[in-house]
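Observations on the model geometry
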Amino acid sequence: MTPYAHIVGWGKCVPERALTNDELSEMVDTSDEWILARTGIQERRIVGEEETTLSMSLHAAQQALEVAHLRPNQLDLIVIATVTPDHLFPATSCLLQDALGATRAAAFDLSAGCTGFVYGLGIASHLLIAGVYRTALVIGAETLSRITDWQDRATCVLFGDGAGAVILQAGENEGGILATVLGADGSGGELLHLPAGGSRYPASHRTVAEGMHYIQMRGREVFRFAVRKMPAATQEVLQKAGLSIADVNLLIPHQANQRIIEAATRALDLPPERVYSNLHRYGNTSSASIPLALCEAADEGRIQPGDLMVCVGFGAGLTWGAAAIRWTRPQPVPTPPLRRFLRRLLYLLATTRSRLRKAWRWLNALLTRDPMAKDGRKEQ
Ligand code: UT7
């Protein structure tokens, strides 16, 4: 057993394209005033045609590995929390494992709505603390713009795209992920869901015509749930870690609505300067929102070694979760150009390796007699 799981690297990726409230007000019956007053959002990032959850995850992961001074083949585990994987299967994390050249890593995706990243932190840190793995990459990544109904003003003003990654490493030094709490209440599943595309309602003309492949949400009810759960989960995780709200240097809440963040801040009696928000720039990026905020807080020097941080989220499921984290990593120094070049070479090798494996598989299929075909002949 190694008693601690530390965050040793972090990285993020957001698409270049920013969609402003004014632009949205030309698409649906809304206004900058309404969106700003009701949500706090000013703009959100939207992927370009070629970008996906995988491509953003890859950039975020590469940055995190650079900060951690680790090579992809040192990863034991890759977890991507997402409700917008590139495909239903294979898992986006497996495609990332291949793209990174993380040849030793196990990989799986995790679906826990906007709480996904906190779920990922909880699971990965426990695997590290139990001694199963030494190094894990945990990502929250979403391409929500692809499941948003751009004619529904109640939802399209809220969501955005992005990815954030952290690398967890087992260590003997005190700190890192001190405690996590995770919860679920499926009775509220229909409050926030994507009805079709799974085995219940597979894609059909009807599901497309009825808009069942878009996010559907009962906003007010989710709002009430969030305002109740965020402070409760924060208190619970602090209690589990043997700490109190007075010990918290920075709260990183799920970035869904500034009014929810402020209500939680008041309920916890936290000064606003100890609560991080970048919602105005990115909107709600679901499972990417906490790691995106964490990365920016770390890069801005808002978290210093020794500080206590709490990440707390809520979302579809319904789910909720919180993680109490003692930050142990100093600000990273910029990577020297030679090391940057070597890293680029490493990723080029990963691409080449992937292509060669695909070519070998193809060749192998051509040259090897199909054992099923042989069995079939025997039966005849
Ligand atoms: O990550 C977890 C996912 N989701 C959330 O966290 C969302 C939680 N909920 C919320 O953030 C809020 O409920 C919303 C931002 C979604 C909505 O804010 P609200 O203050 O709860 O508004 P509302 O739904 O009660 O709607 C108030 C009015 C309605 O008009 P009427 O019926 O009062 O005439 C809506 O039709 O605002 C109208 N409205 C809009 N007006 C202009 C709804 N959306 C818009 C819009 N622009 N985009």
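Residues numbered from 1 in each chain as written. Predicted model: local features only at pLDDT ≥ 70, side-chain atom pairs only at ≥ 80, totals over all residues.

**Considerations on the overall build of the protein**
When you go through the protein residue by residue, the secondary structure sums to 13 helices and 13 strands. Relative to the compact-globule value of 21 Å for 380 residues, the protein shows a C-alpha radius of gyration of 22 Å, a close match. Taken along its principal axes, the extent of the C-alpha atoms in the protein is 75 × 55 × 40 Å. Among the 380 residues that make up the protein, the fraction classed as buried is 47%. For the protein, restricting intrachain contacts to residue pairs at least 6 apart in sequence, the fraction spanning at least 24 positions comes to 79%. (Helix = DSSP H or I, 4+ residues; strand = E, 2+ residues; numbered from the N terminus. Rg over C-alpha atoms; globule rule 2.2 N^0.38 Å. Buried ≥ 20, exposed ≤ 12 C-beta atoms within 10 Å, placed from the backbone. Contact = placed C-beta atoms within 7 Å.)

**Quick word on the domain arrangement of the protein**
You can read the domains of the protein as domain 1 (4-326) and domain 2 (337-379). Computed over C-alpha atoms only, the centres of domain 1 and domain 2 are separated by 33 Å. With 8 residues of domain 1 at the interface, the matching set in domain 2 holds 7 residues. Among the elements that take part in the side of domain 1 that touches domain 2, helix α4 (residues 92-100) stands out by supplying 3 residues, more than any other. Its residues assigned to classes, the side of domain 1 that touches domain 2 shows 3 nonpolar, 2 polar and 3 charged. (Domains from an automatic or database assignment. Nonpolar A, V, L, I, M, F, W, Y, C, P; charged D, E, K, R; others polar.)

**A closer look at the site of the ligand**
Among the 20 residues in the neighbourhood of the ligand, the closest are listed as Thr-30, Gly-219, Phe-223, Ala-256 and Asn-257. Secondary structure elements with two or more residues in the shell around the ligand: α2 (32-39), α6 (153-156) and α8 (219-240). Class assignment for the residues of the shell around the ligand results in 10 nonpolar, 7 polar and 3 charged. (Near = placed C-beta within 6 Å.)

**Comments concerning the packing of α8 against helix α9 (residues 258-268)**
Contact geometry of α8 with α9 gives a least axis separation of 9 Å together with a crossing angle of 40 degrees. Considering their axes alone, α8 and α9 lie oblique with respect to each other. The element α8 and its partner α9 pack so that their crossing is right-handed. The segment α8 lies against α9, with Phe-223, Ala-226, Val-227, Met-230, Pro-231 and Thr-234 engaging Ile-260, Ala-263, Ala-264, Ala-267 and Leu-268. Taken together, the residues that form the contact of α8 with α9 break down as 10 nonpolar, 1 polar and no charged. (Axes fitted to C-alpha atoms, helices over the stretch in contact; angles between N-to-C directions. Parallel < 35°, antiparallel > 145°, perpendicular 65-115°, else oblique. Left-handed = near helix turned anticlockwise from the far one by under 90°.)

**Some remarks on the sheet that holds strand β1 (residues 4-13)**
The strand order across the open sheet built from 5 strands is β1-β7-β6-β4-β5, with neighbouring strands paired in mixed fashion. Unpaired on one side and paired on the other, β1 and β5 (106-110) mark the two borders of the sheet. Each neighbouring strand pair of the sheet contributes to a mean axis angle of 20 degrees, computed without reference to strand direction. Note that strand β6 (residues 135-143) and strand β7 (residues 161-171) share 9 bridges and pair antiparallel. (Pairing = 2+ DSSP bridges.)

**Comments concerning helix α11 (residues 289-299)**
For α11, the tally of buried residues reaches 9 of 11 residues, placing the bulk of the element in the interior. For α11, the full list of buried residues reads Ser-289, Ile-290, Pro-291, Leu-292, Ala-293, Leu-294, Cys-295, Ala-297 and Ala-298. Note on α11: the residue one or two positions beyond its end, Gly-301, has a positive phi of about 75 degrees.

**Some words on the confidence of the model for the protein**
Scored by pLDDT, the protein has a mean of 95; 97% of the residues are at 70 or more. Note that pLDDT drops below 50 for residues 376-380; the model gives that stretch 0 contacts with residues more than four away or on any other chain. (pLDDT = per-residue confidence, 0-100.)

**Quick word on the nonpolar core**
Ala-64, Val-79, Ile-139 and Cys-311 are the most contacted members of the largest nonpolar core, which totals 111 residues. At 9 residues, helix α3 (residues 53-68) tops the list of elements feeding residues into this core. Beyond its immediate chain neighbours, meaning those up to four positions away, Val-79 contacts Ser-93, Phe-108, Leu-110, Gly-120, Ile-123, Ala-124, Ala-136, Val-138 and Ile-139. (Core = buried A, V, L, I, M, F, W, Y, C linked by C-beta atoms within 7 Å.)

**Regarding the sheet that holds strand β13 (residues 319-326)**
Read from one edge of the open sheet, 4 strands run β8-β13-β12-β11, paired in mixed fashion. Edge positions in the open sheet fall to β8 (176-184) and β11 (250-253), since each of these has one partner strand only. Adjacent strand axes in the sheet meet at a mean angle of 10 degrees, parallel and antiparallel pairs treated alike. Direction of pairing for strand β12 (residues 308-315) relative to β13: antiparallel, over a ladder of 8 bridges. Following the sheet pairing, Val-310 is matched in β13 by Ala-324. Running at roughly 150 degrees to β11, α11 makes contact with β11 and β12 of the sheet.

**Side note on the environment of Leu-70**
Mapping Leu-70 onto the fold places it in the loop between α3 and β4 (77-81). With 17 C-beta atoms counted inside 10 Å, the residue Leu-70 sits in the partly exposed group. As a C-alpha pair, Leu-70 and Gly-9 span 61 residues in sequence and 8.8 Å in three-dimensional space. In this view, Leu-70 contacts Gly-9, Leu-65, Thr-135 and Ile-167; residues no more than four positions away in its chain are not counted.

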